[in-house]
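Remarks on the overall topology
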Amino acid sequence: MNMKMRKILVEGWRSTGVGMWLLVLACLSVGADVMAQDADHNFKVAKNLEVFNTIYKNLDMMYVDTLDADEVVGNGVKAMLRSLDPYTEYYPEDKNKDVKMMLQGKYAGIGALIRYNFKLGRVCIDEPYENLPAAEVGLKKGDIILSIDGEDMTKRDNAYVSDHLRGEPGTTFELKIHRPSTGKDMKFKVKRRAIQLPAVPYYGMQPNGIGYLNLNSFTEGCGKAVRNAVIEMKKQGMKGLVFDLRNNGGGSEMEAVDIVNCFVPKGKLVVSNRGKMKQVNRDYKTRVEPVDTLMPVVVLVNGNSASASEITSGALQDFDRAVVMGTKTYGKGLVQTMIDLPYNGQMKLTTNKYYIPSGRCIQKLNYKHANGGSTEETADSLIQTFYTASGRPVKDGGGIEPDVEVKADSLPNIAYYLAGMRDSAEVLHSYEIDYIAKHPTIAPAAEFELTDADYEDFKQRVLASDFKYDALSEKSLDALEKVAKFEGYYDDAKPEFEALRKKLKHNLAKDLEYNKEAIKQILTNDIVTAYYYQRGAIQNTLRTDKQLKEAFRLLQNPEKYHATLRPATQP
């Protein structure tokens, strides 16, 4: 070995040795910093818990009034959790029913939707559910609840009445109602039972060999229900499927994986959970053989499709297994875990973010925890591009972007007031109740439609009532006038403003006629629900659903369907 080479090796050994010592010292320094930070964090935790405990002890001992510990401490806990994110929640023992309903879609009661009638100041039956106690004993839409087991309910709100309708399965109570259509008071003996609302309210074959399946929640067992429905429709000759996840707020992550498994092979990674604690990180793969890996599928989504709906639609998109159609989804990429607490309490705690097969997380909002909490949307500059199995670009940080965007028809302003705005809604509901009373039967759900004469009757009833609503055009003009006056332009444009105000003058009869089709559809849907329940309401809307028609059209065009799933260019 020559001297030059020996010198290089020796100097290299020396420098490496020094470097190693420097590295060890640096690691020790970092370790010391981490330990100091941990010690500081632990001290702050202990200090603040002691302060909180001392504050409450002094309040309990010295405050001028007697405190309810459950309420005061509970409010403190809720305020703490509100500063984090909207999904981390505390459930004391008396809210266990709500937890069960949330996780399983189950509760013990009569199986009916109730609503508060603002005009009457009473709680009414709004929608009995099919094959459940309320429907079986003969309760009807519009029945006014007077008493439960002799306790007067005429001055109670929805929450109070709902709590008294629920109870232990098998218990019987007396329900007294007033039926407006007959003017009679009636009594019913109702036996409560475990109620599980159907996750799949309707599925069935449509023209041209296309199946339709509506899933409204990811509750326990829904994966099996979806699989069975797909198998049944395949036996009936289904060649393509529209899978409707619109307005589905999500639920169980595992059920979402099982549903994806209907359409993709066994052993595929569907979703990964990643958080602070490694022991709660999970990878979920498909576990069984699929039902069909080739049949064309269109998944319908909208801005209310969230969580497990986004896992399902996003995974099928990432695998290029379905065309996602509709509008951008909600953007919830967080996972919650149920934690048992002392005294039978529970906490739903955000523990992870989830990542779908392409590797993206579609969480839209970032939650900041300083100063009581705040939110901000993911900046466009931070949104990243990922790729589906075939190489199509997809984005993270803001929900699932549909492959084919189809916007739904918007609800006109007057229809919004008629359908849901406190006192304004009562004229619509009273018409529906009277219509139902006059018609013991109606046409099949898929065919029923109000006639023009029926709508004219409704229109005259609205005109004769004290129905009021805010015209958006007039409100916008008011706002523009204020701005014009503030900026000094109003006097010059005053004649134009006055002329425009005359043209935009509120005309109820004109608005009712102009928005006839949208209002008729609301009335039709509500009336069909009273006769044929949720499944009938869905069947009826299939006739007029703009997004659904586009899904059917795409499935009948195989070339366009497959072209949608091909990348324009390779990544």
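Residues numbered from 1 in each chain as written. Predicted model: local features only at pLDDT ≥ 70, side-chain atom pairs only at ≥ 80, totals over all residues. Heavy atoms only, no water.

**A look at unusual backbone geometry**
The condition that has to hold: Here's how the labels work: a residue is buried when its accessible area is under 20% of the maximum for its type, exposed when over 50%, partly exposed in between, all with a 1.4 Å probe on protein chains only. By the criteria applied, helices consist of DSSP H or I runs no shorter than four residues and strands consist of E runs no shorter than two, each listed in order from the N terminus.
We note that Ser-307 has phi near 55°; this positive angle belongs to a residue other than glycine. The buried category is assigned to Ser-307, whose relative accessible area is 9%. In this structure, Tyr-533 takes a positive phi of about 65° despite not being glycine. Counting through the fold element by element, Tyr-533 comes out in helix α15 (residues 516-541).

**A closer look at the sheet that holds strand β23 (residues 404-405)**
We apply this condition: The pairing criterion is simple: DSSP has to find at least two bridges between the two strands. Here, residues are in contact when the closest pair of their heavy atoms is within 4.5 Å. Only C-alpha atoms enter the line fits that serve as axes; for helices the fit covers just the stretch in contact. Angles between N-to-C directions range over 0 to 180 degrees.
Across the sheet, six strands lie side by side as β10-β11-β12-β15-β16-β23; this open sheet has mixed pairing. The outermost strands of the open sheet, each flanked by one partner alone, are β10 (202-206) and β23. Pairing of strand β11 (residues 210-214) with strand β12 (residues 240-244) involves five bridges; the strand directions are parallel. Among the inter-strand pairings, Tyr-212 is bridged to a residue of β12, identified as Val-242. Contacts between helix α6 (residues 222-235) and the sheet are confined to β10, β11 and β12, with β11 contributing the most and set at about 165° to the helix. Here helix α8 (residues 308-318) sits on the sheet in contact with β12, β15 (297-301) and β16 (323-326), set at roughly 140° to β15.

**Brief notes about the UniProt feature "domain: PDZ" (unreviewed entry) in the protein**
Threshold: UniProt positions are given in the numbering used here, feature names are shortened, and annotations may be inferred rather than shown by experiment.
Under the UniProt annotation, "domain: PDZ" (unreviewed entry) lies at residues 108-181. Along residues 108-181 one finds 18% helix and 41% strand; the C-alpha atoms at either end are 29 Å apart.

**Section: the domain arrangement of the protein**
What counts is decided by this rule: All the domain ranges listed were derived from an automatic or database domain assignment. Throughout, the accessible surface (probe 1.4 Å) given up by two parts as they are put together, summed over both, is called the buried area. A pairing counts as a salt bridge when a side-chain nitrogen of Lys or Arg comes within 4 Å of a carboxyl oxygen of Asp or Glu. Whenever two N or O atoms come within 3.5 Å, that pair is a polar contact, provided that in protein one can donate a hydrogen and the other can accept it, and provided that, for residues adjacent in sequence, both atoms are side-chain atoms.
For the protein, the assigned domains are domain 1 (106-196), domain 2 (202-337 + 347-367 + 381-408) and domain 3 (413-471 + 506-553). For domain 1 versus domain 3, the distance between C-alpha centres works out to 24 Å. In this assembly, 14 residues from domain 1 lie in contact with 13 residues from domain 3. Both faces combined, the contact of domain 1 with domain 3 buries some 1,300 Å², and carbon together with sulfur accounts for 61% of it. It is Phe-118, Glu-130 and Lys-141 in domain 1 that bury the most area against domain 3; as a group they hold 48% of the surface buried on that side. For the pair domain 1 and domain 3, the interface holds three salt bridges. Between Arg-115 and Glu-426 there is a salt bridge; the shortest N-O distance is 3.0 Å. If you look at where domain 1 meets domain 3, you find five residue pairs in polar contact (both at pLDDT 80 or more). When contributions to the side of domain 1 that touches domain 3 are tallied by element, the ones reaching two or more residues are β3 (112-117) and β4 (122-128).

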